[in-house]
Amino acid sequence: MWLSSMLYIRRKAKMNPKEQRSIGNDKIRTVIMTAITGGAFGLLYGYGFEISLWLGVLIGALFGAAVGFRISKRPPRMEYPMAIFHRIMMAATFLLLTSFGYSYLLDQNLNQTQQYWAAALPLLGWSILVVSIGLAIASLDEMQRRIQTEAIAIGFAGTAIFVGGYALFQFAGLPEVNVGLVLLAMSGFWLAGKLWTLWRYR
Amino acid sequence: MEIPVRSRLKVLRAERDWSQAQLAEVLGVSRQTINAIETGKYDPSLPLAFKMAKLFERSIEDIFLPDEVEEN
């Protein structure tokens, strides 16, 4: 039957040494990509916390490489081509570098107009990251897309409740909400939503 | 009202001695999707159901049936 022969051909293709080399290269690429992203993260935080930039880059790159090594050893349960993951890592690196550029430029005694341009720099990084995540979601299969959509909906609703609820406490005397805290809450609610939907469709 | 749907996917797959991963590969979906369909936690889209019907050389109604209908 055509299906059996198709599966046989695919299995044979997987045994091809060229394919094996390609998988090996994919793993190395994953480690390199995560190391670069980690390095960019270290650069931003090294600058922000006024420690040595080289030390920040080194620690970040080592941490990123370790994460990449772990991922390449045992990829996440939800299967997707690693090329998509590499694209997201590249976008995240670009965002971190533009954020570093923004922080650096703001410390350089720029005039008001130049400061506005510098502030717009990370927005370019955010846009590229959002597009790469959107492309990654579009390339998932229908159930994985549903899982992501439900996780994003839970993340959105959770963040709305968090911000709205915090506003009430703010009127009662709490300090103004930090944007970083809102982003953290958004990520946390999205992760909780994803775990919940993964558990539902397990 | 939502009608619960039962699938004969697991039986059809077992008859052919295919693993979930093999079926997933041919249908172009993840293994988790096949597992969720088999356990009744996820109902596939119409295009995916047509793909399955074509693969198993059956009609969609032979693979998916409302839960109250007795299997022949």
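In what follows, the structure referred to is the one given above.
What comes next is a walk through the structure. (Residues numbered from 1 in each chain as written. Chains lettered and ligands numbered in written order. Predicted model: local features only at pLDDT ≥ 70, side-chain atom pairs only at ≥ 80, totals over all residues. Heavy atoms only, no water.)

### Regarding the overall build of chain A
Part 1 of the reasoning: Along its length, chain A carries seven helices and zero strands.
Part 2 of the reasoning: Put simply, chain A runs from its N terminus to its C terminus through helices and strands in the order α-α-α-α-α-α-α.
Part 3 of the reasoning: Taking as baseline every contact in chain A between residues at least 6 positions apart, the subset at least 24 positions apart corresponds to 69%.
Part 4 of the reasoning: Total accessible area computed for chain A in this model is approximately 13,500 Å², and 71% of it derives from carbon and sulfur atoms. (Helix = DSSP H or I, 4+ residues; strand = E, 2+ residues; numbered from the N terminus. Contact = heavy atoms within 4.5 Å. Areas by Shrake-Rupley, 256 points an atom, 1.4 Å probe, with all protein chains shown as cover.)

### Side note on the overall build of chain B
Part 1 of the reasoning: What chain B contains, in helices and strands, is five helices and two strands.
Part 2 of the reasoning: Secondary structure elements of chain B, listed N to C terminal, follow the sequence β-α-α-α-α-α-β.
Part 3 of the reasoning: For chain B, with 72 residues in total, the buried portion stands at 44%.
Part 4 of the reasoning: Pairs at least 24 residues apart make up 59% of the contacts formed inside chain B by residues separated by at least 6 positions.
Part 5 of the reasoning: About 4,200 Å² of surface is accessible on chain B, with carbon and sulfur atoms providing 52% of the total. (Buried < 20%, exposed > 50% of the residue type's maximum accessible area, 1.4 Å probe, protein only.)

### Observations concerning the packing of helix α6 (residues 142-171) of chain A against helix α7 (residues 179-200) of chain A
Residues and elements named next belong to chain A.
Part 1 of the reasoning: Contact pair α6 / α7: the axes reach a minimum separation of 7 Å and the direction vectors enclose 140 degrees. By the criterion of interaxial angle, the relationship of α6 to α7 is oblique. Read as a crossing pair, α6 and α7 show a hand that is right-handed. Across the interface between the two elements, I147, Q148, E150, A151, I152, I154, G155, G158, T159, F162 and V163 of α6 pack against L181, V182, A185, M186, F189, W190, G193, K194, W196, T197, L198 and R200 of α7.
Part 2 of the reasoning: Partitioning the contact of α6 with α7 into residue classes produces 14 nonpolar, six polar and three charged. (Axes fitted to C-alpha atoms, helices over the stretch in contact; angles between N-to-C directions. Parallel < 35°, antiparallel > 145°, perpendicular 65-115°, else oblique. Left-handed = near helix turned anticlockwise from the far one by under 90°. Nonpolar A, V, L, I, M, F, W, Y, C, P; charged D, E, K, R; others polar.)

### As for the side chain of T30 of chain A
Part 1 of the reasoning: Considering the arrangement of structural elements, one finds T30 of chain A in helix α2 (residues 17-48).
Part 2 of the reasoning: Among all residues touching T30 of chain A, those that are not within four sequence positions of it are G68, I71, S72, M82, F85 and H86 of chain A.

### Side note on the nonpolar core
Part 1 of the reasoning: Formed by 24 residues in total, the largest nonpolar core has its most connected members in L9, L23, L27, I34, M52, F56 and I63 of chain B.
Part 2 of the reasoning: Those elements that place two or more of their residues in this core are α6 of chain A together with α1 (9-15), α2 (20-27), α3 (31-38), α4 (46-56) and α5 (60-63) of chain B.
Part 3 of the reasoning: It is α4 of chain B that contributes the most residues to this core, six residues altogether.
Part 4 of the reasoning: Ignoring any residue separated from it by four or fewer positions in sequence, one finds I34 of chain B in contact with L9, Q20, L23, A24, L27, V29 and M52 of chain B. (Core = buried A, V, L, I, M, F, W, Y, C linked by side-chain atoms within 4.5 Å.)

### Quick look at the pattern of salt bridges
Proximity of charged atoms lets side chains of opposite charge pair with each other.
All names here are of chain B.
Part 1 of the reasoning: One pass over the full model with this rule turns up three salt bridges over all chains.
Part 2 of the reasoning: One salt bridge connects R13 with E38, and the closest N-O pair in it is separated by 2.5 Å. On the criterion of sequence distance, the pair formed by R13 in helix α1 and E38 in helix α3 is long-range, its members being 25 residues apart. A single burial state applies to R13 and to E38, both of which are buried. (Salt bridge = Lys/Arg side-chain N within 4 Å of Asp/Glu carboxyl O.)

### A word on unusual backbone geometry
Part 1 of the reasoning: Despite not being glycine, N109 of chain A has its phi angle at roughly 50 degrees, a positive value.
Part 2 of the reasoning: Tracing the sequence through the fold places N109 of chain A in the loop between α4 (82-106) and α5 (112-138).
Part 3 of the reasoning: Residue D17 of chain B is not a glycine yet carries a positive backbone phi of 60 degrees.
Part 4 of the reasoning: Along the chain, the position of D17 of chain B falls in the loop between α1 and α2.

### Notes on the packing of aromatic side chains
Part 1 of the reasoning: Throughout the structure, instances matching the rule amount to nine aromatic pairs over all chains.
Part 2 of the reasoning: Relative to W199 of chain A, the ring of W196 of chain A lies with its centre 5.6 Å away and its plane at 25 degrees, an arrangement referred to as stacked. Pair noted here: W196 of chain A and W199 of chain A are both in helix α7, with a separation of three residues, about one helical turn.
Part 3 of the reasoning: Site record: aromatic cluster; members linked through ring pairs are F41, Y45 and F49 of chain A.
Part 4 of the reasoning: Positioned above the aromatic ring of W18 of chain B is the side chain of R16 of chain B, whose terminal nitrogen or guanidinium carbon lies 6.0 Å from the ring centre. (Phe/Tyr/Trp six-rings, centres within 6.5 Å; stacked < 30°, edge-to-face > 60°. Lys NZ or Arg CZ within 6 Å of the ring centre and 35° of its normal.)

### Overview of α3 of chain B
Every α-helix winds through 3.6 residues per turn, so residues three or four apart in the chain are directed the same way.
Part 1 of the reasoning: Here α3 of chain B lies mainly inside the structure; six of its eight residues are buried.
Part 2 of the reasoning: Where α3 of chain B is concerned, the buried positions are Q32, T33, I34, A36, I37 and E38 of chain B.
Part 3 of the reasoning: Where the residues of α3 of chain B are buried, they touch α6 of chain A together with β1 (5-7), α1, α2, α4 and β2 (64-66) of chain B.
Part 4 of the reasoning: Backbone geometry just after α3 of chain B places G40 of chain B at a positive phi near 75 degrees.

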